[in-house]
Amino acid sequence: MLMVVLQHTIAGCTVDFANTTLFRALWSLQMPLFFIISGYVTRYGHPLDSTKSLKKYIWKKTIAYLFPWLVWSALIRGTIFGNYYFLNPKYLLWHMDSGYWFLFSLWWLVIINGIADYFSNLLKINNRFWRISAHLLFTIIGASILAVVGVYLGIEFLAIKLTLFYFPLYMAGFLWGQIQDRVISINEHYYQFVVALSLFIWLFIILRVGFFGEEMSAGVLALRYIASIAGCIIVISVCHYYNDKLGFFRKAGIYSLQIYLLHYLFLCPLKIGTSILPIFASSDGATDVLFNYSITLGFVALSIVLIRKNKILTKLLFWK
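Attention in this report is confined to the structure presented alongside it. (Residues numbered from 1 in each chain as written. Predicted model: local features only at pLDDT ≥ 70, side-chain atom pairs only at ≥ 80, totals over all residues. Heavy atoms only, no water.)

Relative to the helices and strands, L207 resides in the loop between helix 8 (188–206) and helix 9 (218–241). Here the alpha-carbon distance between L207 and L22, two residues 185 residues apart in the chain, equals 9.7 Å. Dropping the residues within four chain positions of it, L207 is found in contact with T21 and R24. (Helix = DSSP H or I, 4+ residues; strand = E, 2+ residues; numbered from the N terminus. Contact = heavy atoms within 4.5 Å.)

Another point: the nonpolar core. F35, W72, W101, F102 and F104 are the most contacted members of the largest nonpolar core, which has 92 residues in total. At twelve residues, the largest contribution of residues to this core is made by helix 5 (residues 101–122). Beyond its immediate chain neighbours, meaning those up to four positions away, F102 contacts M1, M31, F34, F35, L257 and Y260. (Core = buried A, V, L, I, M, F, W, Y, C linked by side-chain atoms within 4.5 Å. Buried < 20%, exposed > 50% of the residue type's maximum accessible area, 1.4 Å probe, protein only.)

Residues other than glycine seldom take positive phi values, yet K124 does so here, at roughly 50°. You can see K124 is positioned in the loop between helix 5 and helix 6 (128–153). Notably, L158 is not glycine yet its phi reads approximately 50°, a positive angle. Here L158 is to be found in the loop between helix 6 and helix 7 (160–186). Of the residues examined, L158 reaches a relative accessible area of 13% and is grouped as buried.

So, about a nonpolar patch on the surface. Judged by side-chain polarity, W94, L137, I141, I145, V148, V149, V151, Y152 and L153 come together as a nonpolar surface patch covering roughly 890 Å² of accessible area. No other element matches helix 6, which puts eight residues into the nonpolar patch. Relative to the assigned elements, V149 resides in helix 6. On the basis of relative accessible area, V149 is assigned to the partly exposed category, the value being 30%. (Patch = residues over 30% accessible without salt bridge, like charges linked within 9 Å, V, L, I, M, F, W, Y side chains within 5 Å. Areas by Shrake-Rupley, 256 points an atom, 1.4 Å probe, with all protein chains shown as cover. Salt bridge = Lys/Arg side-chain N within 4 Å of Asp/Glu carboxyl O.)

Given a rise of 1.5 Å per residue, 30 residues ought to cover 44 Å, and the 40 Å separating the end C-alpha atoms of helix 3 (residues 51–80) matches this to within 8%. G82 occupies a position one or two residues after helix 3 and carries a positive phi of about 70°. (Expected span 1.5 Å × (residues − 1).)

The subject of this paragraph is the layout of surface pockets. Once rolled over the atoms, a probe with the size of a water molecule shows which space is left empty. Looking at the second largest pocket, its volume works out to about 750 Å³. Lining the second largest pocket we find 28 residues, and of these W27, W101, L162, Y166 and R224 sit closest to its centre. Going through the elements one at a time, helix 1 (2–13), helix 2 (21–40), helix 7 and helix 9 are the ones with two or more residues in the lining of the second largest pocket. Class assignment for the residues of the lining of the second largest pocket results in 16 nonpolar, six polar and six charged. (1 Å grid on protein atoms, 1.4 Å probe; cavity = no way out; pocket = protein on both sides within 12 Å on 5 of 7 lines; lining within 4 Å. Points joined across faces, edges and corners; volume = space filled by probe spheres on them. Nonpolar A, V, L, I, M, F, W, Y, C, P; charged D, E, K, R; others polar.)

Helix length check: helix 6, at 26 residues, gives a terminal C-alpha distance of 38 Å against a target of 38 Å (1.5 Å per residue), a fit within 8%. Turning to helix 6, its buried residues number three or more, namely I132, A134, H135, T139, G142, A143, L146 and G150. Buried positions along helix 6 lie against helix 5 and helix 7. Of the residues flanking the start of helix 6, the one acting as N-cap is N127, its side-chain oxygen 3.0 Å from the backbone nitrogen of F129. (Polar contact = N/O pair within 3.5 Å; in protein donor to acceptor, adjacent residues only side chain to side chain.)

Tracing the backbone shows T62 in helix 3. The spatial distance from the C-alpha of T62 to the C-alpha of C232 is 27 Å, given a sequence separation of 170 residues. Of note is the side chain of T62, whose polar atom sits 2.6 Å from the backbone oxygen of I58. Side chain to side chain, T62 and W107 meet in a polar contact 2.9 Å long.

In the contact formed by helix 5 and helix 11 (residues 256–263), the axes pass within 11 Å of each other and the chain directions differ by 145°. On the side of helix 5, the interface is formed by W101, F102 and L103, while helix 11 contributes L257, Y260 and L261. Residue classes in the contact of helix 5 with helix 11 are distributed as six nonpolar, no polar and no charged. (Axes fitted to C-alpha atoms, helices over the stretch in contact; angles between N-to-C directions.)

All right, on to the packing of aromatic side chains then. Evaluation of the coordinates by the stated rule reveals 28 aromatic pairs. Taking 6.2 Å as the distance between ring centres and 75° as the angle between the ring planes, the aromatic pair formed by W72 and Y100 counts as edge-to-face. Of the two residues, W72 is situated in helix 3 and Y100 in the loop between helix 4 (89–94) and helix 5; the sequence distance between them amounts to 28 residues. What makes W72 buried here is its relative accessible area of 1%. Judged by relative accessible area, Y100 falls into the buried class, the value being 1%. (Phe/Tyr/Trp six-rings, centres within 6.5 Å; stacked < 30°, edge-to-face > 60°.)

Written out as structure tokens, the structure is:
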């Protein structure tokens with residue numbers, strides 16, 4: 001989420017940023033990392049092995065993701081800030097990328113994954129490999145059904161297009177979470193080789209390809225997936241080895257939803273709307289980004305502290 005805020009700051013207060021190495025790195029990591037980690041942390045969830053547990057899971061996830069989506073779309077952006085297209089259901093439901101689409105995409109993914117977990121547990125497969133394979137098969141079936149819905153109602157409906165795009169990354173995170181410990185236990189040097197190779201692949205691609213604004217051909221799509229997975233392996237490995245020294249980032253992770261939702265309210269506060277925006281790769285551009293980014297995060301942190309003191313606001317805005 002800190003990378004998301006930085007990328008939005010760069011795009012909001014500078015120009016000619018798309019082909020810089022920093023922006024390419026951020027673009028290859030920010031949302032892919034979010035969805036890969038979302039899939040990865042499913043390893044800590046409880047198995048859904050009964051109808052009751054599945055119903056409870058679906059209800060809990062639906063409220064947790066869709067209630068904030070509704071409040072921030074209709075109440076905050078639509079009513080308070082006067083973005084009236086957020087109050088137009090027909091527009092909003094088919095143009096989810098104009099708002100808080102990631103909440104709906106994440107909801108789709110966790111629901112499909114939860115249902116897949118339920119059905120794979122019903123099979124009572126003892127072999128770990130075949131149990132994970134069954135789980136993957138059920139998620140692919142779920143994603144295929146979602147794609148069919150997109151064909152009939154429009155691929156943009158309820159962020160289906162974006163959900164399908166991030167589905168392989170979410171499942172890559174899920175799969176890595178299932179096998180990481182075993183890979184490390186087999187051979188630590190092998191694990192280090194995977195990380196080193198990932199670093200080479202990630203740098204090789206982002207230094208040559210700018211995905212932002214590119215036409216999404218099959219080749220570009222494949223390179224984007226490879227770069228994102230390789231880069232995320234690096235980040236996850238750093239977190240694995242230096243977990244006890246990453247307190248600040250762990251705190252940011254805990255409040256990732258709040259950071260995402262709140263940062264739009266304070267984005268680029270020093271930007272002057274009538275001025276000519278500086279080039280990102282210049283001293284003025286770097287200074288503008290640094291100051292705007294720092295102030296935005298400061299306002300976000302202060303808002304989180306203040307909102308946490310009010311249980312009603314915390315529940316209304318974030319369902320926490």
